[in-house]
Structure formats: structure tokens, C-alpha cells
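Take a look at the letters that make up each chain.
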Amino acid sequence: MSEADPAGTAAGNGAAAEAMVDVRGVSRTFHRGRTPVPVLRDLSLRMEKGEFLALMGPSGSGKSTLLNLIAGLDRPTGGEVIVGGSAIHRLSERKLAGWRARNVGFVFQFSNLLGALSAERNVAVPLLLTSFSARERRRRVDIALEIVGLSARGKHRPRELSGGEQQRVGIARALVNDPALLVCDEPTGDLDRTTSAEILDLLVALNRDHGKTILMVTHDPVAAERASRTLHLEDGRLAECGHDGTIEVPVHEPAGAAV
Amino acid sequence: MRLGSFIRQCQAVTRYNLETIWERRAVSVVAIFGIAGVVGVMVAVLSMAAGFRAVVTGQARDDVAVVLRSGATGASDSILNHQDIQVLWEAPGVARGPDGPLVSPELFVIIDRKKIGAGTDANVPLRGVEAAGFALREQFEIVEGRNFEPGRNEVIVGDGAAGAFEGLQVGDRIDVGRASWEVVGRFTTGGGVAESEIWTDNRILQQMYQRGNSWNVALVRLRDAEAFEGFEAALTDDPRVSLGAQRQTTHMAAQSEPIEVFISVVGWIIVVMMSAGAVFAALNTMYAAVSSRSREIATLRALGFSRLPVVVSVMIESLVFGLIGAAAGGAASWFLFDGFRAATINWASFSQVAFAFQVTPELLVQGTTLALVIGAIGGFLPAVGAARRSVVGALREQ
């Protein structure tokens, strides 16, 4: 990570030569007692490197389930999940944890900062999983906080920060290991309209200026508009959305077809 | 997982857990108090046994033999006659002082005295001694008044007895039967059971109790500890007498054992019951601690932290509670009980022994070990539960 390009190699929205995410025929079934509850069935999805994809859909449609599968937080009942060239559905839990630490930045709805730690120590948490020197960790934390515009607030604890600032710290934490993929689960779901817009501006800048591939789950059509592409998930099927919110093209019909 | 990464993860999660203890202080204090209570009671009860043991066995020596009638278990059921003592004078391995062999025949009777504070009657040993008895007890010292004069109805009182029983101060008189004895001095022997006794002249005591020329026990100083085997064999092989000899250390350890075992067993029963309560308190605390941080733990795991550091960190937190509880309980029992004076009956002699509770380093180590065991048990299930929790499910919690 260089000083000039601290979050990674710059690549704009157009860089789409190689798939960052390749989900093939994935299904995920939960169990309520003994009753199987299928949430995703034979679903496929392809995201190119440098893409900013918004995933919409009604509650319970499986948006977060799909995001969790792609982020390596959950395992599919069937099918394949290949992210950055790694078939992560085959990884053991221990290896999957290591893979997440190196390859995925998480942005949560409620920022999920550790309340007892200052902003800069929160940002540094993922670096504890690396072998970087203390000096290098310090440098990366400084850069990440600079990117999100919170260099002056590093010593503050989460409760001393506004909701938007907390979310910015969460984004700095997601960036600090320089992952290629950012997964954002309702990143503006807990914020007011103005603050949401600021967070979305930041995500767009990370995608445009730092080449981060971003997968964002959202209920908010305004948020989805900021992405380069929006998919709608309902009844286990993905459909491409226009920016006016209309569902234009079924993107997964029949099984095995990839977007 | 590489060791370096594992250690860093453990450090990070543990540090975070410990930094947030203050925010969870109310529930944490419950666990710490529970553990402190167990450790405090354990250390206090066992310090009683330790104090008793120290008094009974503290001044015992390997080069002193205790001689009783063969088959007797203590002074109260033993009788020695003049011939027995003569055999002891001539026995091999016996050390000699300026006045002859260091053999101290002693008469041992029990008198009633009231316990200070309780007001109840208690058995106090009254021992008849003579010159060799003082020579044998090198640390004997009069700390108040003077020694008794042979041939007079005078007694001296051990420091422990003077503090534990009524009417044993210098100047007091002790009326036993038709006899009246004056307390003329108070003595110490550098600790030991002798300080719980009253001493007088052997001859006077024999007359008062119509014992003729007999005693109950003889203490014999040997040239060295190795001389004991030869001394004992000589007594056993001598057809003129029927005597048994034990090293003083062995004899006194056997004397202290019954009460020591009793105190320890009762103490441990109490401790085990309290420990069960403390384990539940620790479990409750750690479940609450883990529950309040389930989303944070899930966040760490989402970021790439493994299960094991989570387990280790929760266990460490619980063990820290154990250590704090051990320190609090140990300190409380030390402040409250170390040196606390008490007297209890020595079942081996049916007489009272005054002693002070002793909070020893060994007891504090035992207390700390117990606290860590409680902490480990209390932390294990919550730790495993935290690690097994679904990351996705915990992240959804608000």
C-alpha cells in the first residue's frame, strides 16, 4: 500500500477483465427445528473486479445470506463460491477465517466497533492477524483514517463519535488490510439521509479511486442508485434492476446461467 | 494457525476483554466475591489446622525420645516406675548434661480451668518436671515472675495457657482438691504444646496425687538423631522393663493428627459446598460477560479471528476473576485470622492446647489454586459457547 494509493491499486469501474466473485448454482437451506427452510436455490452470480454491486430485495429474500456466502461467513448447502480465484466453499473453517482476514473488508449496519477501544485501535484490529511491524501497522491505520477523513478523531472512543463517524471508522477498519473486496451489509441502514449520502460518497470513492470491488446489501433504492449495478433478489431469483427501481431482466433463469 | 498469529489473537481479545471488565463490574463483583468467600473460608479453616499442627509439633525434635509404658498411646495411660527411669539413665545413646543423663521423668495430670471468654470448663495439663526437664527444653524462659521452688506448692504457667484460661496470671492461686498452688511465673518454650501447660515440681505433684515414686512419661535427649534406633532397641530387648519409645517428632505428629484431620475434613466439606456456589456465580458472570459481547466476539471472528483465541480469552478473564478473588479472600483471612488465638482440646491427651491460627504461604497457594479451578470451571462452558456461536446469528443481534 503506497502513500499515494493507500487502499490499493487504482482501478475504475471499467476494470472488468476477471471475475472477482463467481457464485455457481449455490443453494442454502436453513433448518427450523426439523423443517428445512430453503433460502437460496441454485443461484448464480458473477461480479467483475472493480465492480460496485448493490443487492436489493425484500426482507427474508436471502440478500444477507448471499452476502455471507460470498464473504466466507457462511457455507453453501450446495454449489460453488469462488472469490478472487479461491474456491472458498472448500476451505476449512480455520482457513476460511484466515482467508477473510486477508481478502475481505466488512462494513456492518451498526459499525460493530469495539466500544472500549479508540477509533485507531478499532481500525488496527484486523492488523493483529498480520505479521506487520508495529510501525507498519501504525502507518496503515493512519492512512485508513485519512481516507475516511477521521485523522483527527483517532483517539476517540466509539461513544464519542457520531453515527456517521462510527461507520467511517468501520470502513477504515475494512480497508486497513487492503482487501480487494468490500462487503457492506446495510451500511446506511442505521443512518439519517445526509449521513447516508456521505457514507455512500465514501464507498463510491473507494470503488472509483482505489479499485475496491464492493458488494452492498441495501433496502434503500437511493443507496442502490450509487452502485454501478443493482440486482434484485426475490423468491430465490436474481434480476437486474434499472436505476428507476424497475426490475428489467431476470439474471438467473434457468439454473446455472450467470449474470 | 501460526503460533505468532495465535498469540497475537489471544493477546488482542484478552486485552479487550480485560479492558471492558470495568463496564461489567456489577456482575463481575458477584463472581469475585463468591470466589473470595470460598478462598477466605478455606484459608481461615485450614489456618486453624496449620496453627494447631505448628503448636503441637513445632518444638518436637528428632534427637529427643518420648518413652511411655509399652502399649500406651499417651501420657495419660502410661505409668513409669523408678526402675524404668534407671534403665533409661543407663540406656545407650542418652546424652549427658552437667547433672547427669538428660532424662526427664514427668508426671502428667489434668485439672479444670475455665476458658477465658467462653466461661466453660476445660482440661488443662498440669505437668510435674525437674531439673532435667528444663535442660531438655533449651528455649525455656521465664517471661514474668520466677520459676517455682522445688518442694513448694508453686506453679509456673505457660504463655498460651495464661492467655486462654482464667485465674492463671502471676499471683493467682489455683485450688485443686485440698491443695492450693500459687502462680509464681509465666514461661515460654519458643512455641510448642508446653506453653499450654502448667508446670510444678515433680515431687510435690506426686505427693498431691498420691502417685508415690511414679511418672507418666519420660523425655530423653539422645546424643544425636541417629542414636534413636540403638536406644529403642536397647529398651525393647531389656527384660526388666516394658517400655516403648518414639521420636518426639513422630509422637507429636501422631498427637496432632486426629484434630488436624477433623478440622481439615470439616473445613473441606464447607469449602466444597461453597465452591459449588462460587462456580455458579462464576458461570453466571461469564455467561453474562460473553452474552454482552456476543456481537463484538462475532465481529472479531468475522474479521478473521479464530475460535480458539476466543475460548482462551474468556478463560483468561475467568481466571483473572479467580486470581482477584483469591487475593481478596487470602488477604481478608490473613488480616482477620493470622495470629488469632484459640484453644481446643487435643484428643490425644484430652487436654486443651492453646494455639494461634497460621495463614501460611502454602495455604495461600492452595487457596489460589482452588480459585483458579473455580475460575476455570466457571469460564469453560461460556467460553466454548461463545466460540461455537454462529457468527452470522450473533452479528444480527442489536
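Residues numbered from 1 in each chain as written. Chains lettered and ligands numbered in written order. Predicted model: local features only at pLDDT ≥ 70, side-chain atom pairs only at ≥ 80, totals over all residues. Heavy atoms only, no water.

> Describe the overall build of chain B, and please don't skip the residues or the numbers.
Per the secondary structure count, chain B includes 12 helices and 14 strands. Put simply, chain B has 398 residues, and 52% of those count as buried. Partitioning the intrachain contacts of chain B with sequence separation of at least 6 by distance along the chain shows that 77% fall at a separation of at least 24. Total accessible area computed for chain B in this model is approximately 17,300 Å², and 59% of it derives from carbon and sulfur atoms. (Helix = DSSP H or I, 4+ residues; strand = E, 2+ residues; numbered from the N terminus. Buried < 20%, exposed > 50% of the residue type's maximum accessible area, 1.4 Å probe, protein only. Contact = heavy atoms within 4.5 Å. Areas by Shrake-Rupley, 256 points an atom, 1.4 Å probe, with all protein chains shown as cover.)

> Go over the interface of chain A and chain B with me, naming the residues and quoting the values.
Facing 28 residues of chain A, the contacting portion of chain B comprises 26 residues. Summing both partners gives a buried area of about 2,300 Å² for chain A against chain B, and 57% of it is carried by carbon and sulfur. Notably, a salt bridge pairs R307 of chain B with E93 of chain A, separated by 2.5 Å at the nearest N-O pair. Between chain A and chain B we count 9 residue pairs in polar contact (both at pLDDT 80 or more) in total. Counting residues per element, the side of chain A that touches chain B draws most heavily on helix α2 (residues 93-103) of chain A, at 5 residues. For the side of chain A that touches chain B, a count of residues per class yields 14 nonpolar, 5 polar and 9 charged. (Buried area = accessible area lost by both parts, 1.4 Å probe. Salt bridge = Lys/Arg side-chain N within 4 Å of Asp/Glu carboxyl O. Polar contact = N/O pair within 3.5 Å; in protein donor to acceptor, adjacent residues only side chain to side chain. Nonpolar A, V, L, I, M, F, W, Y, C, P; charged D, E, K, R; others polar.)

> So, the pattern of salt bridges: which residues are in play, and what are the values?
What the rule picks out here adds up to 37 salt bridges over all chains. Its salt-bridge partner being R240 of chain B, residue D238 of chain B comes within 2.7 Å of it at the nearest N-O pair. When salt bridges with common partners are traced through the structure, they connect D22, R24, E80 and R90 of chain A into a single cluster.

> Outline the pairing of strand β11 (residues 217-221) of chain B, supporting the account with residue identities and numerical values.
Residue and element names in this part refer to chain B. Counted residue by residue, β11 has 5 buried out of 5 residues, so it is predominantly covered. A two-sided burial pattern is seen for β11, the buried positions comprising V217, L219 and R221 on one face and A218 and V220 on the other. The pairing of strand β1 (residues 64-69) with β11 spans 4 bridges and is classified as antiparallel. Bridging from a neighbouring strand, V64 pairs with R221 of β11. Pairing geometry for strand β4 (residues 103-114) and β11, over 4 bridges, is antiparallel. Bridging across to β11, S104 finds its partner in L219. (Pairing = 2+ DSSP bridges.)

> Before we move on, could you go through a nonpolar patch on the surface and cite the residues and values that matter?
Taken together, the side chains of V261, V265, I269 and M273 of chain B make up a nonpolar region of the molecular surface, amounting to roughly 370 Å² of accessible area. Within the secondary structure, I269 of chain B is located in helix α8 (residues 248-292). (Patch = residues over 30% accessible without salt bridge, like charges linked within 9 Å, V, L, I, M, F, W, Y side chains within 5 Å.)

> Would you mind going over empty space enclosed by the protein in detail, with residue names and values included?
Gaps left between atoms are located by rolling a probe of water-molecule size over the structure's atoms. For the structure shown, the criterion picks out 2 cavities of 30 Å³ or more. Every residue along the wall of the largest cavity is listed here: R100, A101, V104, G105, P126, R173, A174, N177 and P179 of chain A together with L303 of chain B. Among the secondary structure elements, those contributing two or more residues to the lining of the largest cavity are α2, β6 (104-107) and α5 (163-175) of chain A. Here the residues of the lining of the largest cavity are counted per class, giving 6 nonpolar, 2 polar and 2 charged. Approximately 40 Å³ is the volume attributed to the second largest cavity. What lines the second largest cavity is V13, Y16, N17, R293, E296, I297 and L300 of chain B. Counting only elements with at least two residues in the lining of the second largest cavity, the list comes to α1 (3-19) and α9 (294-302) of chain B. (1 Å grid on protein atoms, 1.4 Å probe; cavity = no way out; pocket = protein on both sides within 12 Å on 5 of 7 lines; lining within 4 Å. Points joined across faces, edges and corners; volume = space filled by probe spheres on them.)

> Mind laying out the environment of R173 of chain A, listing which residues take part and the relevant values?
Mapped onto the fold, R173 of chain A is located in helix α5. Separated by 66 residues in the primary sequence, R173 of chain A and V107 of chain A place their C-alpha atoms 8.4 Å from one another. Setting aside residues no more than four positions away along its own chain, R173 of chain A makes contact with F108, S111, N112, L113, N122, V123 and P126 of chain A together with T299 and L303 of chain B. At a separation of 2.9 Å, a polar atom in the side chain of R173 of chain A contacts the main-chain carbonyl oxygen of S111 of chain A.

> How would you sum up the packing of α8 of chain B against helix α10 (residues 307-337) of chain B? Please name residues and give values.
All names here are of chain B. Relative orientation of the contacting elements α8 and α10 amounts to 135 degrees, with a least axis distance of 11 Å. On the basis of their axis angle, the class for α8 and α10 is oblique. Crossing of α8 over α10 shows right-handed handedness. Where α8 approaches α10, its residues T285, M286, A289 and V290 are matched on the opposing element by V314, E317, S318 and F321. (Axes fitted to C-alpha atoms, helices over the stretch in contact; angles between N-to-C directions. Parallel < 35°, antiparallel > 145°, perpendicular 65-115°, else oblique. Left-handed = near helix turned anticlockwise from the far one by under 90°.)

> Give me the lowdown on helix α1 (residues 63-71) of chain A, citing residues and values where you can.
Three- or four-residue spacings in an α-helix give side chains the same orientation, since the helix completes a turn every 3.6 residues. Residues and elements named next belong to chain A. Judged by how many residues are buried, α1 sits mostly within the fold: 8 of 9 residues are covered. Every buried residue of α1 is accounted for by K63, T65, L66, L67, N68, L69, I70 and A71. Downstream of α1 by a residue or two, G72 has a phi angle that is positive, lying close to 75 degrees.

> Tell me what's going on with the environment of Q255 of chain B, and back it up with residues and numbers.
Summarising the element assignment, Q255 of chain B is placed in helix α8. Residues Q255 of chain B and R53 of chain B, spaced 202 residues apart in sequence, show a C-alpha to C-alpha distance of 9.2 Å.

> Give me the lowdown on the packing of aromatic side chains, citing residues and values where you can.
Residue and element names in this part refer to chain B. Tallied over the full model, the rule gives 11 aromatic pairs over all chains. Seen from their ring centres, F337 and F340 are 6.3 Å apart, and the 80 degrees between their planes marks the pair as edge-to-face. The class for F340 is partly exposed, based on a relative accessible area of 43%. Directly above the ring of W22 sits R25, whose terminal nitrogen or CZ lies 4.3 Å from the centroid. (Phe/Tyr/Trp six-rings, centres within 6.5 Å; stacked < 30°, edge-to-face > 60°. Lys NZ or Arg CZ within 6 Å of the ring centre and 35° of its normal.)

> Residues and numbers for the packing of α1 of chain B against α10 of chain B, please.
Residue and element names in this part refer to chain B. Direction vectors running N to C along α1 and α10 enclose 45 degrees, while the axes themselves pass 8 Å from each other. On the basis of their axis angle, the class for α1 and α10 is oblique. As α1 packs across α10, the resulting crossing turns out to be right-handed. Note on element contacts: α10 touches α1 through L308, P309, V312, S313, V314, I316, E317 and V320, opposite F6, Q9, C10, V13, T14, N17 and L18. Looking at the contact of α1 with α10 residue by residue, the class counts come to 10 nonpolar, 4 polar and 1 charged.

> Outline the confidence of the model for chain B, supporting the account with residue identities and numerical values.
Residues and elements named next belong to chain B. When the pLDDT values of chain B are averaged, the result is 87; 97% of them are 70 or greater. Averaged over each element, pLDDT in chain B is lowest for strand β13 (residues 341-346) (70) and highest for strand β7 (residues 154-158) (95). This complex was scored by the predictor with a pTM of 0.69 and an ipTM of 0.84. (pLDDT = per-residue confidence, 0-100.)

> Which residues make up unusual backbone geometry, and what values do they have?
All names here are of chain A. Not every positive phi belongs to a glycine, and D42 is a case in point at roughly 50 degrees. Relative to the elements of secondary structure, D42 occurs in strand β2 (residues 35-48). Positioned with a positive phi, N112 is a non-glycine residue whose angle comes to about 55 degrees. Its location among the elements puts N112 in the loop between β6 and α3 (119-124).

> Give a detailed account of the sheet that holds strand β5 (residues 86-87) of chain A, specifying residues and quantitative values.
All names here are of chain A. The 4 strands are arranged β2-β1-β4-β5 in an open sheet whose pairing can be described as antiparallel. Sheet topology places β2 and β5 at the edges, where each strand pairs with a single neighbour. Sheet topology places strand β4 (residues 78-83) next to β5; 2 bridges connect them, and they run antiparallel. When the bridges of β5 are listed, V83 appears paired with S86.

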